[in-house]
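Chain and residue survey
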Amino acid sequence: MNIYVLLKKTFDTEEKIAVSNGRIEDDGAEYIINPYDEYAVEEAIKQKDAHGGEVTVVTVGDEDSEKQLRTALAMGADKAVLINTEDDLEDGDQFTTAKILQTYFEDKEADLILAGNVAIDEASGQVGPRLAESLGIPYITTITALEIDGDTVKIDKDVEGDVEKIETSLPVLVTCQQGLNDPRYPSLPGIMKAKKKPLEELEIDDLDLEEEDVEAKTNTVDIFLPPEKEAGRVLEGEIDDQVQELVSLLKNDAKVL
Amino acid sequence: MSDKLLVIGEARDGVLRNVTFEAIAAAKKINSDGEIVGVLCGNDDLDTQAQEMIYYGADRVVTVQHDELEAYTSEGYGQAILPVIDDESPNGIIMGHTAIGKDLTPKLASKLETGLISDATEIEVEGDKAVFIRPIYSGKAFEKKTISSGLTFATIRPNNIPALERDESRSGDVNTKEVDIANIRTVIKEVIRKASEGVDLSEANVIIAGGRGVKSEEGFKPLYELADVLGGAVGASRGACDAEYCDYALQIGQTGKVVTPDLYIAVGISGAIQHLAGMSNSKVIVAINKDPESNIFNVADYGIVGDLFDVVPKLIEEVKKLK
């Protein structure tokens with residue numbers, strides 16, 4: 001089976017966010033594989049172990065994205081592809097990324113493409129479905145179980161807490177939700193092997209794309225931090241009094257009761 | 001300013017979700033003089049729902065009725081809505097950022113080769129441009145986005161943009177669009193309902209959420225009672241779901257639901273960043289926790305340090321006195 005994973009690097013979840021000149025400060029930030037993409041990598045490896053084939057991890061990013069690709073290789077992926085847009089594109093959006101991936105995938109004959117259901121930074125969840133649509137294959141988002149038997153694919157999809165049991169067939173694109181699996185940590189031998197696994201680097205030029213073909217359809221005009229919240233009030237005194245005070249505050253000050 | 005905006009409506013158990021009306025209000029904000037056209041899909045009679053959209057501000061509604069639209073699939077809805085978009089050639093499309101909205105809109109955007117701004121919580125109009133404000137980095141920052149070319153296409157987060165007043169004196173045409181739907185490759189075999197009946201968590205005005213501190217399924221009972229007297233819904237942290245105190249359908253946070261109620265009462269929740277991502281935009285946050293060092297107190301407007309099993313029953317009694 002020809003399995004692909006779409007991967008994005010994101011800020012570590014513990015990273016503090018600072019903004020200057022309408023941009024997120026990224027100097028010295030720690031990056032990780034987007035946590036939802038980690039489920040995708042894990043699931044790809046599990047499906048390969050069950051059905052054979054090859055796992056290729058693809059990212060649209062910059063030079064530094066190699067680190068997260070190597071981590072995915074250390075987990076057990078076979079090959080990695082870095083589509084480096086650093087020198088060609090200033091600001092991309094989900095249209096940009098999906099278009100680049102579409103062009104990359106056009107001659108690939110993928111059986112299964114896995115992605116995270118959302119990236120924890122920009123959190124739009126668009127790229128997976130956009131890519132599937134442009135490749136003309138079905139997609140199922142927020143999956144929590146995946147079972148493949150021949151060409152038949154059985155999926156559990158999380159729909160705001162309900163579970164849909166869905167049947168479809170290969171090729172398909174799925175986006176992974178928490179609960180699908182427990183991603184493994186790369187082993188030491190895995191890390192050693194990952195250094196020698198193939199990592200192909202492409203630029204949009206190699207995909208015969210011009211800058212204007214992938215020009216963003218949306219503009220980010222500003223980024224700002226939420227207004228600093230006034231320090232909350234921790235009530236004091238006997239619990240009975242605190243509860244009375246709380247209800248009075250909610251009713252009279254906050255006016256939510 | 002644009003001439004026509006489509007609002008894609010969404011129903012749950014035959015009743016339109018509130019976010020549909022909020023999407024109409026959002027469209028009105030972007031396009032105060034233009035025409036607002038509602039779109040509804042289903043396998044049943046949609047006239048009542050269409051009327052509701054008109055009462056809430058739509059000028060007219062196009063309904064698409066087909067056996068294949070009984071349950072939502074991206075393929076079915078895509079084939080139903082794209083011909084309507086084609087007929088109407090709107091300047092913009094607005095929908096709720098719900099499970100269906102998240103799933104469907106990227107498909108439409110890809111087909112239409114257009115931009116899409118997902119999960120907006122606020123809309124400002126500057127000159128003739130709509131500026132969408134949306135949370136990024138789990139709500140730790142916000143970005144302002146505009147569409148640079150093509151359709152003004154956006155999804156809005158439920159419970160953030162107030163719906164307009166319902167006005168039964170409004171009237172408008174309801175037209176039916178006939179479509180062919182074929183070649184559906186994804187088949188829903190079964191739906192296991194877990195989400196609780198009653199108040200929809202993402203649309204609730206009051207949420208009482210329990211964490212690991214609630215200690216057991218039994219421990220959630222007082223939370224339900226408090227929700228009951230406040231007319232709210234019960235939610236939970238991932239920790240409480242993992243510990244099987246309640247179902248994952250109640251989970252609030254990055255993985256679960258993102259909520260923005262007027263009042264959020266966090267009970268026995270420590271306040272991990274993943275949880276905060278799902279609730280930190282709530283208008284008023286109350287934290288009840290016995291650990292004064294809990295992170296939840298950093299986002300709370302009011303805090304009570306104490307044993308929840310002591311505090312919650314007292315709170316129920318005190319709220320009852322108001323009635």
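What you see is a predicted model; the values in this text were computed from it and never measured. (Residues numbered from 1 in each chain as written. Chains lettered and ligands numbered in written order. Predicted model: local features only at pLDDT ≥ 70, side-chain atom pairs only at ≥ 80, totals over all residues.)

A tally of helices and strands in chain A yields six helices and 15 strands. Counting across all 257 residues of chain A, residues that qualify as buried make up 45%. Expressed as a percentage of contacts within chain A between residues at least 6 apart in sequence, the contacts between residues at least 24 apart total 71%. (Helix = DSSP H or I, 4+ residues; strand = E, 2+ residues; numbered from the N terminus. Buried ≥ 20, exposed ≤ 12 C-beta atoms within 10 Å, placed from the backbone. Contact = placed C-beta atoms within 7 Å.)

Once that is clear, we can look at the environment of lysine 194 of chain B. Along the polypeptide, lysine 194 of chain B turns up in the loop between β13 (187-192) and β14 (206-210). Classification of lysine 194 of chain B as partly exposed rests on a count of 15 C-beta atoms within 10 Å. Excluding its chain neighbours within four sequence positions, the residues that come into contact with lysine 194 of chain B are Gly161, Asp162 and Val163 of chain A together with Asp247 and Ala249 of chain B.

Residues and elements named next belong to chain B. Per the domain assignment, the segments making up chain B are domain 1 (4-176) and domain 2 (201-322). The distance between the C-alpha centroids of domain 1 and domain 2 comes to 31 Å. Across the contact, 11 residues belong to domain 1 and 11 residues belong to domain 2. Residues of the side of domain 1 that touches domain 2, tallied by class, amount to three nonpolar, six polar and two charged. (Domains from an automatic or database assignment. Nonpolar A, V, L, I, M, F, W, Y, C, P; charged D, E, K, R; others polar.)

Glancing now at helix α2 (residues 66-75) of chain A. Where burial is concerned, most of α2 of chain A is hidden: seven out of the 10 residues are buried. All of the buried residues in α2 of chain A are Gln68, Leu69, Thr71, Ala72, Leu73, Ala74 and Met75 of chain A.

The four strands are arranged β14(A)-β10(B)-β9(B)-β8(B) in an open sheet whose pairing can be described as antiparallel. In the strand order of this sheet, the two ends are held by β14 (218-224) of chain A together with β8 (122-126) of chain B, each with one partner. Each neighbouring strand pair of the sheet contributes to a mean axis angle of 30°, computed without reference to strand direction. As judged from the five bridges shared by strand β9 (residues 129-136) of chain B and strand β10 (residues 141-147) of chain B, these two strands associate in the antiparallel manner. Bridged to isoleucine 133 of chain B within β10 of chain B is lysine 144 of chain B. Its contacts with the sheet put helix α1 (residues 18-30) of chain B on β8 and β9 of chain B, and the angle it makes with β8 of chain B is roughly 15°. (Pairing = 2+ DSSP bridges. Axes fitted to C-alpha atoms, helices over the stretch in contact; angles between N-to-C directions.)

A few words on the domain arrangement of chain A. Interface size is commonly expressed as the accessible area that is lost once the parts come together. Segmentation of chain A into domains returns domain 1 (2-214) and domain 2 (232-257). Here domain 1 of chain A and domain 2 of chain A have C-alpha centroids that lie 47 Å from each other.

This brings us to the environment of glutamate 35 of chain B. Residues and elements named next belong to chain B. If you trace the backbone, glutamate 35 turns up in strand β4 (residues 35-42). For glutamate 35, a count of 18 C-beta atoms within 10 Å gives the class partly exposed. For the pair glutamate 35 and arginine 60, spaced 25 residues apart in sequence, the C-alpha separation works out to 8.3 Å.

Below, the discussion takes up unusual backbone geometry. Trans is the prevailing form of peptide bonds, just as negative phi is the prevailing case for residues other than glycine. Of note, the amide linkage connecting leucine 170 of chain A to proline 171 of chain A takes the cis form, showing an omega dihedral of -5°. Note on placement: proline 171 of chain A falls in the loop between β11 (162-169) and β12 (172-176). If you check the backbone angles, asparagine 21 of chain A has positive phi at about 50° while not being a glycine. The residue asparagine 21 of chain A is located in the loop between β3 (19-20) and β4 (23-24) in this model. Phi at aspartate 119 of chain B takes a positive value of approximately 65°, unusual for a residue other than glycine. Here aspartate 119 of chain B shows up in strand β7 (residues 117-120).

Our next topic: the interface of chain A and chain B. Listed as interface residues are 66 residues of chain A and, on the opposing side, 70 residues of chain B. Elements that contribute at least two residues to the side of chain A that touches chain B include exactly α3 (94-105), α4 (127-135), β9 (139-149), β11, β14, β15 (233-234) and α6 (239-253) of chain A. The element best represented in the side of chain A that touches chain B is α6 of chain A, accounting for 10 residues. Across five bridges, β11 of chain A lies against β13 of chain B in antiparallel orientation. Paired with glutamate 167 of chain A across the strands is valine 187 of chain B, a residue of β13 of chain B.

As annotated in UniProt, the feature "domain: Electron transfer flavoprotein alpha/beta-subunit N-terminal" (unreviewed entry) corresponds to residues 21-211 of chain A in the numbering used here. Each end of residues 21-211 of chain A is marked by a C-alpha atom, and these two atoms are 25 Å apart; helix forms 29% of the span and strand 31%. (UniProt positions renumbered as here; feature names shortened; annotations may be inferred.)

The six strands are arranged β15(A)-β18(B)-β17(B)-β16(B)-β14(B)-β15(B) in an open sheet whose pairing can be described as parallel. Strands at the two margins of the open sheet, each flanked by one partner only, are β15 of chain A together with β15 (233-236) of chain B. Examined bridge by bridge, β14 of chain B and β15 of chain B share four bridges and lie parallel to one another. Across the sheet, the residue bridging to isoleucine 207 of chain B is alanine 233 of chain B, located in β15 of chain B. Those strands touched by α6 of chain A are β16 (263-267), β17 (284-289) and β18 (302-305) of chain B, and its axis lies near 170° from that of β18 of chain B. Helix-sheet contacts for helix α5 (residues 221-230) of chain B involve β14, β15 and β16 of chain B, and the interaxial angle to β14 of chain B is about 175°.

On any regular strand, side chains alternate: one points to one face of the sheet, the next to the other face. Burial along β15 of chain B is two-sided: the residues Ala233 and Gly235 of chain B and Val234 and Ala236 of chain B are all buried. Handedness of the crossover joining β14 of chain B and β15 of chain B through α5 of chain B: right-handed. (Right-handed = clockwise from strand over helix to strand, strands pointing away.)

This paragraph deals with the packing of α6 of chain A against helix α9 (residues 308-322) of chain B. Contact geometry for α6 of chain A and α9 of chain B: axes closest at 9 Å, N-to-C directions at 45°. Of the possible angle classes, the one that applies to α6 of chain A and α9 of chain B is oblique. Every pair of crossing elements has a handedness; the one defined by α6 of chain A and α9 of chain B is right-handed. When α6 of chain A is examined against α9 of chain B, the residues Ile239, Asp240, Val243, Gln244, Val247 and Lys251 of chain A are found in contact with a partner set consisting of Asp310, Val311, Lys314, Leu315, Glu318, Val319 and Leu322 of chain B. For the contact of α6 of chain A with α9 of chain B, the residue count by class is seven nonpolar, one polar and five charged. (Parallel < 35°, antiparallel > 145°, perpendicular 65-115°, else oblique. Left-handed = near helix turned anticlockwise from the far one by under 90°.)

Attention shifts here to the environment of leucine 263 of chain B. Relative to the elements of secondary structure, leucine 263 of chain B occurs in strand β16. Taking C-alpha positions, leucine 263 of chain B is 14 Å from valine 319 of chain B, a pair spaced 56 residues apart along the chain. Not counting the four nearest positions on each side in its chain, leucine 263 of chain B is found in contact with Leu250 and Val256 of chain A together with Val206 and Val284 of chain B.

Looking now at α4 of chain A. Of all nine residues in α4 of chain A, seven are buried, a share of seventy percent or more. Every buried residue of α4 of chain A is listed here: Val127, Gly128, Pro129, Arg130, Leu131, Ala132 and Glu133 of chain A. Packing partners of the buried residues in α4 of chain A comprise β1 (2-6), α3, β8 (112-116), β9 and β12 of chain A together with α4 (99-111) of chain B. Looking one or two places after α4 of chain A, you find glycine 136 of chain A, whose phi comes out positive at around 75°.

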